[in-house]
Amino acid sequence: MSVEHVDVVIVGAGLSGVGAACHLQKYCPATTFAILEGRDAIGGTWDLFRYPGIRSDSDMSTLGYSFRPWDRSKSIAGGPEIRSYVEDTAVKHGVDRHIRFGHRVIDADWSSEDARWTVRARRTGDGEEVEITCYFLFACSGYYDYEQGYTPDFRGIERFSGHVVHPQSWPEDLDYAGKRVVVIGSGATAVTLVPAMADTASHVTMLQRSPTYVVTRPETDPFGVRLRRRVPAPLANPIVRWKSIATNFYSYQKARRAPERMKALLRKGVEMQLPDGYDIDTHFAPRYNPWDQRLCLVPDGDFFAAVRKGRASVVTDHIHAFDEAGIELRSGEFLEADVIVTATGLNMLAVGGVHLTVDGVKVNVPKTVAYKGMMLSEVPNFAFTIGYTNSSWTLRAELVARYVCHLLNHMRRRGLRTCTPLRPKTPVRAPLFDLTSGYAQRGNAVMPKQGGGAPWRMHHNFLREWLFTLRRSKLRDSGVRFS
């Protein structure tokens, strides 16, 4: 049986995978590639999540591609708009022709003798397995487990007589009109669901164990709208993008260096959105510092508007148990419900769950060290894409894609066959993510680690990586071996 061969296999046809393919076409025009996508559509996360109100929590001037600027009026866009944008980009740049839909990658084995990967995928339609070989494997599948979200072991949940749904597996036919809804959680998904469901539900209660920082931002960027009216798009779009990058950078640095001042500023923003006398200390005053966890973005204050109108409410308490009619809380209060949404987080999955082996030896991903936050120690010709915890995913995805293109061209010009990151000599290890969020803490067990210093550190700082680490750094350093 003949096995197909390409230079690069990209895993995933979402925001990262489509962007990587576009970069390959532009910067490595002689390179052949294929995109293996386990689902039947382009979009990745934005095709998977279909819950009410699904939207970005980054502005589209930075979540959109630099080579195809987002030119629509909304800077905070809905899921369907983002999915359409990614799909249109793939079609416009012709990379859709390279996508193999319904090809879920199972494992990949590196052969040092042949200097190539053998990638095995299962076709979801007929269950048949196919093999494809490549010189370089590029995982662009994010770090979420697409099969199932995270739901804690709630006591008595099986007794509840209504509907229990997780946002990751939202049923298309779920009818919550006129019903009592309880959304368990306090993160970005919860604050998105509450106002979206409150429009038709009889009432929506957000039940949280502890508060999260919630910040209001305009759904439409006034600066961008005014600038595009006066300045040609080729000039306006980069200005809007860099304005957003600078604003986010300044806000994050201010939060980390002067957390008490940022707390006061965020609290003032919440006070302006809620009625006098509202118990902000209980429901909107987190015990941690800003950006220890991601801030929850509320476009045009829609979440607070639902609370002001009495369509939604916030309860801060712990769950004691479920019964047929709802949820009993530790305080003794009881929340009646017809629908319960467990917006309790996501499970993390390293490199899309692909089982990697090098010369027949299984790669234990959590034991590896991430080289520049994008390659695995002692794993040749392999890269993966993850985004920043404090900024837009695409900012880093594009830096990684450019770096991979630079690396491939370097190897081609010099006749090199392999690029292998080394394991740092010092024993210092740290988590890849600098967040205290539940999903990040759980993810530490499955994700690669960081070393004690460069080039085994991933700085969640776009400007630093753009200037020094990824965009303009030397390819040859103490952390990598070419042969």
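Residues numbered from 1 in each chain as written. Predicted model: local features only at pLDDT ≥ 70, side-chain atom pairs only at ≥ 80, totals over all residues. Heavy atoms only, no water.

J.: How would you summarise the overall build of the protein if you had to cite specific residues and measurements?
T.: Of the regular secondary structure elements, the protein holds 13 helices and 23 strands. Relative to its length of 483 residues, the protein is compact, with a C-alpha radius of gyration of 23 Å against a globular reference of 23 Å. Scored against the burial criterion, the 483 residues of the protein give a buried share of 55%. The long-range share in the protein, meaning contacts at least 24 apart out of those at least 6 apart in sequence, stands at 71%. Carbon and sulfur atoms provide 50% of the accessible area of the protein, an area that totals close to 21500 Å². (Helix = DSSP H or I, 4+ residues; strand = E, 2+ residues; numbered from the N terminus. Rg over C-alpha atoms; globule rule 2.2 N^0.38 Å. Buried < 20%, exposed > 50% of the residue type's maximum accessible area, 1.4 Å probe, protein only. Contact = heavy atoms within 4.5 Å. Areas by Shrake-Rupley, 256 points an atom, 1.4 Å probe, with all protein chains shown as cover.)

J.: Lay out unusual backbone geometry in plain terms, naming residues and giving numbers.
T.: Here the residue pair Ala454 and Pro455 is connected by a cis peptide bond, since its omega of 0° sits within 30 degrees of zero. Relative to the elements of secondary structure, Pro455 occurs in the loop between helix 12 (438-443) and helix 13 (462-469). With phi around 75°, Trp291 is a residue other than glycine that occupies positive phi space. Checked against the element boundaries, Trp291 lands in the loop between helix 9 (280-283) and strand 11 (296-299). At Lys372, a residue that is not glycine, the phi angle is positive and equals roughly 55°. In this fold, Lys372 is placed in the loop between strand 19 (370-371) and strand 20 (375-376).

J.: Break down the side chain of His410 for me, citing the residues and quoting the values.
T.: Tracing the chain through its elements places His410 in helix 11 (residues 393-414). In this view, His410 contacts Leu416, Leu475, Arg476 and Phe482; residues no more than four positions away in its chain are not counted.

J.: Break down the packing of helix 7 (residues 233-257) against helix 8 (residues 259-273) for me, with residues and values.
T.: Two numbers describe how helix 7 lies on helix 8: the axes approach to 5 Å, and their chain directions differ by 115°. Contacts between helix 7 and helix 8 involve Ser251, Lys254, Ala255, Arg256 and Arg257 on the former and, on the latter, Pro259, Arg261, Met262 and Leu265. Classifying every residue of the contact of helix 7 with helix 8 by side-chain character gives four nonpolar, one polar and four charged. (Axes fitted to C-alpha atoms, helices over the stretch in contact; angles between N-to-C directions. Nonpolar A, V, L, I, M, F, W, Y, C, P; charged D, E, K, R; others polar.)

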